[in-house]
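An overview of the molecular structure
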Amino acid sequence: MANGEWDPGTAEGLSRRTALVTGGNGGLGYQAALRLAVHGWRVLVGSRDAGRGAAAVAAIRALVPGASAGVVGVDLADLSSVRAAASGLVRDDVELDLLVNNAGVMAVPSRRLTAQGLELQIGTNHFGHFALTGLLMPLLLRRAGSRVVTVTSVAHRWGRLDLADLHCRRRYSPWRAYGASKLANAVFTVELGRRLALTGAGTLSIGAHPGIAATNLGTAGPMLGGRSLFAAPTAWGMRRVGQSPVAGCGPILRAATDPDAVGGSCYGPQGMAELRGEPGPVSFRRLACAERLGQGLWSESERLTGVTYPF
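Observations concerning the overall build of the protein
A tally of regular secondary structure across the protein gives 10 helices and eight strands. Looking at the protein residue by residue over its 311 residues, the buried ones come to 56%. Partitioning the intrachain contacts of the protein with sequence separation of at least 6 by distance along the chain shows that 77% fall at a separation of at least 24. For the protein, the computed accessible surface area is about 12,800 Å², with 52% contributed by carbon and sulfur atoms.

Let's talk about the nonpolar core
Leu36, Val43, Ile60, Leu98, Val100, Val149 and Ile252 are the most contacted members of the largest nonpolar core, which has 32 residues in total. Listing elements by their share of this core, those giving two or more residues are β1 (18-22), α1 (27-38), β2 (42-47), α2 (50-63), β4 (98-101), β5 (147-151), β6 (204-208) and α9 (250-257). Broken down by element, this core gets its largest block of residues, seven residues, from α1. Excluding its chain neighbours within four sequence positions, the residues that come into contact with Val100 are Leu20, Val21, Thr22, Val149, Val151 and Ile252.

Description of helix α3 (residues 79-91)
Relative to the 18 Å expected for 13 residues at 1.5 Å per residue, α3 spans 18 Å between its end C-alpha atoms, a close match to the ideal helical length. Residues of α3 that are buried: Leu79, Ser81, Val82, Ala85, Ala86, Gly88 and Leu89. Structurally, α3 contributes buried residues whose contacts are with β1, β2, β3 (69-73), α4 (120-141) and α10 (291-305). In the segment just after α3, Asp93 is the residue with positive phi, at about 55°.

A closer look at α10
Residues spaced three or four apart along an α-helix point in a common direction, a consequence of the helix completing one turn every 3.6 residues. With 15 residues, α10 ought to run about 21 Å at 1.5 Å a step, and its terminal C-alpha atoms sit 21 Å apart, in line with that. Buried within α10 are the following residues: Leu293, Gly294, Gly296, Leu297, Trp298, Glu300, Ser301 and Thr305. Considering only its buried residues, α10 is in contact with α3, α4 and α5 (174-199). Downstream of α10 by one or two residues, Gly306 has phi in the positive range, about 75°.

Concerning the side chain of Ser153
Mapped onto the fold, Ser153 is located in the loop between β5 and α5. With relative accessibility at 8%, the residue Ser153 sits in the buried group. Other than its neighbours up to four places away in sequence, Ser153 contacts Tyr178, Lys182 and His209.

Details of the pairing of β1
Within β1, five of the five residues are buried, which leaves the element mostly enclosed by the surrounding structure. Side-chain alternation along β1 places Thr18, Leu20 and Thr22 on one buried face and Ala19 and Val21 on a second face that is also buried. The sheet contact formed by β1 and β2 spans five bridges and is parallel. Directly across from Ala19, in β2, lies its bridge partner Val43. A crossover links β1 with its parallel partner β2, the connecting element being α1, and its sense is right-handed. Bridge count for β1 against β4 is three bridges, and the pairing is parallel. Considered in β4, the bridge of Leu20 is made with Leu99.

What about the layout of surface pockets?
In this structure, the second largest pocket spans a volume of roughly 160 Å³. Around the second largest pocket sit Ile122, Arg160, Leu161, Asp162, Asp165, Leu166, Cys168, Arg176, Ala177 and Ala180, which together line it. At three residues, the largest contribution of residues to the lining of the second largest pocket is made by α5. Across the lining of the second largest pocket, the residue classes tally to six nonpolar, no polar and four charged.

Some remarks on the sheet that holds β1
Within the open sheet, the eight strands sit side by side as β3-β2-β1-β4-β5-β6-β7-β8. Their pairing is mixed. The open sheet has two edge strands with one neighbour each: β3 and β8 (279-282). The average angle at which neighbouring strand axes cross in this sheet is 25°, direction not considered. With four bridges joining them, strand β7 (residues 266-269) and β8 adopt antiparallel strand pairing. Looking at β8, one finds that Pro269 is bridged to Pro279. Across the face of the sheet, α9 comes into contact with β4, β5, β6, β7 and β8 while running at roughly 160° to β5.

Focus on the packing of aromatic side chains
Applying the stated rule across the entire model yields seven aromatic pairs. Taking 6.0 Å as the distance between ring centres and 85° as the angle between the ring planes, the aromatic pair formed by Trp175 and Tyr178 counts as edge-to-face. Within this pair, Trp175 and its partner Tyr178 are both found in helix α5, separated by three residues, close to a single helical turn. Exposure remark for Trp175: the relative accessible area of 34% places this residue in the partly exposed category. Here Phe188 and Trp298 contribute two aromatic rings whose centre-to-centre distance is 6.0 Å and whose plane-to-plane angle is 25°, an arrangement assigned as stacked. Remark: Trp298 occurs in helix α10 and Phe188 occurs in helix α5; sequence separation between them is 110 residues. Owing to a relative accessible area of 3%, Phe188 belongs among the buried residues under this scheme. For Trp298, a relative accessible area of 4% corresponds to the buried category.

Calculation rules
Residues numbered from 1 in each chain as written. Predicted model: local features only at pLDDT ≥ 70, side-chain atom pairs only at ≥ 80, totals over all residues. Heavy atoms only, no water. Helix = DSSP H or I, 4+ residues; strand = E, 2+ residues; numbered from the N terminus. Buried < 20%, exposed > 50% of the residue type's maximum accessible area, 1.4 Å probe, protein only. Contact = heavy atoms within 4.5 Å. Areas by Shrake-Rupley, 256 points an atom, 1.4 Å probe, with all protein chains shown as cover. Core = buried A, V, L, I, M, F, W, Y, C linked by side-chain atoms within 4.5 Å. Expected span 1.5 Å × (residues − 1). Pairing = 2+ DSSP bridges. Right-handed = clockwise from strand over helix to strand, strands pointing away. 1 Å grid on protein atoms, 1.4 Å probe; cavity = no way out; pocket = protein on both sides within 12 Å on 5 of 7 lines; lining within 4 Å. Points joined across faces, edges and corners; volume = space filled by probe spheres on them. Nonpolar A, V, L, I, M, F, W, Y, C, P; charged D, E, K, R; others polar. Axes fitted to C-alpha atoms, helices over the stretch in contact; angles between N-to-C directions. Phe/Tyr/Trp six-rings, centres within 6.5 Å; stacked < 30°, edge-to-face > 60°.

Take it as geometry only, folks, not as evidence of what the structure does.
Right under this line is the structure:
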């Protein structure tokens with residue numbers, strides 16, 4: 001392990017398995033899918049853009065001769081797309097060992113909504129993944145040692161979750177909404193881990209965050225709806241401070257393959273303020289582990305997505 005990287009080959013017996021990585025067509029998701037493919041995993045690239053998904057798969061196959069890779073079309077901002085994608089995987093009886101909930105949007109300048117009328121950032125980052133995970137849970141539960149890795153952020157440390165106003169109807173700010181969505185990712189990771197443990201299931205729920213990684217996330221969200229005054233400064237700051245996408249995906253890969261990982265835990269960079277460095281265990285903030293908040297968010301997620309879990 002060097003320069004923030006984690007070698008998936010470190011974990012013996014975890015090759016020749018199947019992983020679905022949402023947002024696998026670029027950034028951290030692409031790097032995670034590529035590294036898993038190098039070590040013999042079958043990778044399914046989740047992408048809302050068919051062309052970009054196909055390009056990512058072609059790149060993986062070019063870099064890893066003989067790699068087994070495919071595209072799963074899924075738009076996390078549209079629950080009908082999530083249901084269609086999950087239905088296809090269940091229908092095909094896919095042997096799914098790993099789900100990486102990675103796709104996301106950050107700092108959208110003005111309040112926007114998903115196809116179902118949810119605030120876009122929490123709707124994409126949390127509710128879309130909550131629904132996808134629940135719909136794919138029957139596939140995961142039947143695979144020994146399966147895992148759900150949900151990508152959160154250091155932003156979860158300052159995020160706030162108002163269960164009475166999850167969609168920012170009263171007040172919206174780009175970073176407040178992003179922090180709330182990333183806290184929701186953390187709360188979901190812990191609550192899912194708690195529920196899986198109570199059932200005695202072998203599936204683990206684990207969190208990961210990349211610190212600051214120099215990907216296009218810093219510009220894609222701020223540029224939604226046109227030009228944004230803080231898109232360029234955000235991108236500049238991420239390039240100056242952030243680690244590479246290869247290093248940034250290290251915590252994701254470690255959460256996915258570390259044989260010592262436990263449910264409800266989190267991995268992130270080990271450097272100052274968890275912004276960069278070698279991947280290793282980190283702690284969620286205390287609020288993310290609050291059982292009352294976990295149960296409340298879970299109930300709202302079931303109500304708003306119409307998805308219930310099989311336990």
